[in-house]
Amino acid sequence: MDLGIRGKRALVCASSKGLGRGCAEALAEAGVDLVMNARGADALEEAAQDLRDRYQVSIKTVAADIVSEDGRAQVLEEAGDVDILVTNAGGPPPGMWSDWGREDFIKALDANMLTPIALMTALMPKMIDKGWGRVVNITSVSVKAPVAVLGLSNSARTGLTGYVAGTARQVAPNGVVVNNLLPGLHATDRAVSLDQGAAKSGGISYEEAKAQREATIPVGRYGTPGEFGAMCAFLCSQHSGFIVGQNILLDGGASNMTM
Ligand code: NAP
């Protein structure tokens, strides 16, 4: 299928590794020029060069913390008037409800709610002017099926979900399509660190912890960044114009629900 977005420009945040990289790759494959971002410059440049070599698209990189105001300003300057925005940042650490104070919640809200909102606020007016835009926010399964140890993530991402529900419907008349993409368990560094946490708290090996978590997924394995990126690219395509304000779950069937 031709996604119809060859020659468009996209900002993909937090994209040197994992799900963000999967999204960057699928967009590059569709012929989209990219601005890629992550904090670590080496891994970011390596990822960008790999995509330039394989897909012959133009890719700029901005090594900066997307959660900080300075970092975000650098990224936005390079992004200019992108047609497509994919928001992403690292997730908050797991823990117990009794571990977290105000500062922990402020950090989680900054990373996983206020940063994507700031990016949308900065970039959507230019999309509205052009009459076309696509926004995909990488959130989490936790907004539909909260994960007990991820209370900080549950809280911040649910706030973003509420914001998108209204905003997506306000910008849709101007050709700007906003949706959230909800990862369940995917094979990335984040999954490795959550498996290590589960191993430690359960007093079992890393392999046992991973096998236990894979067994909770009907397809019997973690998702891949490639599968995730393919859905992201579709949501950024010409074909997604009637999909507005949705929370699309990619979890291998792990959450047993109909909505
Ligand atoms: P990952 O493998 O840890 O990759 C994170 C990427 O984001 C790296 O490129 C990292 O590069 C970059 N990054 C992190 N914090 C950043 C920041 N403040 N500014 C700029 N770049 C930043 O994570 P992932 O598994 O792809 O997860 C992506 C998101 O989905 C996270 O929010 C995660 O919580 C959520 N999620 C993941 C899963 C899963 O199973 N993987 C499930 C549910 C939700 P640098 O470190 O160099 O900055």
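For the structure, see preceding data.
Report on the accompanying structure. (Residues numbered from 1 in each chain as written. Predicted model: local features only at pLDDT ≥ 70, side-chain atom pairs only at ≥ 80, totals over all residues. Heavy atoms only, no water.)

### Structural notes on the overall build of the protein chain
Okay, so step 1: From N to C terminus, the protein chain includes eight helices and seven strands.
Okay, so step 2: The C-alpha radius of gyration computed for the protein chain amounts to 18 Å, which stays within 12% of the reference 18 Å derived for 259 residues, consistent with globular compactness.
Okay, so step 3: The principal-axis extent of the C-alpha atoms belonging to the protein chain is close to 55 × 40 × 40 Å.
Okay, so step 4: Counting every position in the protein chain, which comprises 259 residues, the buried fraction comes to 46%.
Okay, so step 5: Considering only residue pairs separated by 6 or more positions, the protein chain has 72% of its internal contacts joining residues 24 or more positions apart.
Okay, so step 6: Total accessible area on the protein chain is roughly 12000 Å²; 54% of this is exposed by carbon and sulfur atoms.
Okay, so step 7: The protein chain carries 23 positive and 28 negative side-chain charges, and their two centres are separated by 4 Å. (Helix = DSSP H or I, 4+ residues; strand = E, 2+ residues; numbered from the N terminus. Rg over C-alpha atoms; globule rule 2.2 N^0.38 Å. Buried < 20%, exposed > 50% of the residue type's maximum accessible area, 1.4 Å probe, protein only. Contact = heavy atoms within 4.5 Å. Areas by Shrake-Rupley, 256 points an atom, 1.4 Å probe, with all protein chains shown as cover. Lys, Arg positive; Asp, Glu negative; His and termini not counted. Charge placed at Lys NZ, Arg CZ, Asp CG, Glu CD.)

### Notes on helix α1 (residues 18-29)
Okay, so step 1: The end-to-end C-alpha distance of α1, which contains twelve residues, comes to 17 Å, matching closely the 16 Å that a straight helix rising 1.5 Å per residue would cover.
Okay, so step 2: Within the sequence span of α1, burial applies to Leu 19, Gly 20, Gly 22, Cys 23, Ala 24, Ala 26, Leu 27 and Ala 28.
Okay, so step 3: Gly 31 lies just past α1 and shows a positive phi near 90°. (Expected span 1.5 Å × (residues − 1).)

### A look at helix α8 (residues 225-235)
Okay, so step 1: Residues of α8 that are buried: Phe 228, Gly 229, Cys 232, Ala 233 and Leu 235. Down the axis of α8, the buried set is contained in an arc of 155°. They therefore lie on one face.
Okay, so step 2: Buried residues along α8 sit in contact with α1, β4 (84-87), β5 (133-138), β6 (176-183) and β7 (247-250). (Arc of directions from axis to C-beta.)

### A few points about the nonpolar core
Okay, so step 1: Formed by 34 residues in total, the largest nonpolar core has its most connected members in Ile 5, Leu 27, Leu 34, Met 36, Ile 84 and Val 86.
Okay, so step 2: Taken together, the elements giving at least two residues each to this core come down to β1 (9-12), α1, β2 (33-38), α2 (41-55), β4, β5 and α8.
Okay, so step 3: When residues of this core are assigned to their parent elements, the largest contribution, six residues, is made by α1.
Okay, so step 4: For Met 36, the residues in contact, after removing those within four places along its chain, are Val 12, Ser 15, Ala 24, Leu 44, Ala 47, Ala 48, Leu 51, Ile 59, Lys 60, Thr 61 and Val 62.
Okay, so step 5: Judged by nonpolar contacts, the second largest core, of 25 residues, contains Ile 66, Val 75, Ala 79 and Leu 119. (Core = buried A, V, L, I, M, F, W, Y, C linked by side-chain atoms within 4.5 Å.)

### Considering the pattern of salt bridges
Okay, so step 1: Applying the stated rule across the entire model yields twelve salt bridges.
Okay, so step 2: In this structure, Arg 54 engages Asp 50 in a salt bridge whose closest nitrogen and oxygen atoms are separated by 2.9 Å. Of the two residues, Arg 54 and Asp 50 both sit in helix α2, four residues apart, roughly one turn of that helix.
Okay, so step 3: On the accessibility criterion, Arg 54 (39% relative accessible area) is partly exposed.
Okay, so step 4: Residue class for Asp 50 comes out partly exposed when judged on its relative accessible area of 25%.
Okay, so step 5: Its salt-bridge partner being Glu 227, residue Arg 221 comes within 2.7 Å of it at the nearest N-O pair.
Okay, so step 6: For Arg 221, a relative accessible area of 37% gives the class partly exposed. (Salt bridge = Lys/Arg side-chain N within 4 Å of Asp/Glu carboxyl O.)

### Describing the packing of helix α6 (residues 189-202) against helix α7 (residues 206-214)
Okay, so step 1: Put simply, α6 and α7 touch, their axes get as near as 8 Å, and they point 110° apart. When the axis of α6 is compared with that of α7, the two are roughly perpendicular. Every residue of α7 that contacts α6 at Ala 191, Val 192, Leu 194, Asp 195, Gln 196, Ala 198 and Ala 199 is listed here: Tyr 206, Ala 209, Lys 210 and Arg 213. (Axes fitted to C-alpha atoms, helices over the stretch in contact; angles between N-to-C directions. Parallel < 35°, antiparallel > 145°, perpendicular 65-115°, else oblique.)

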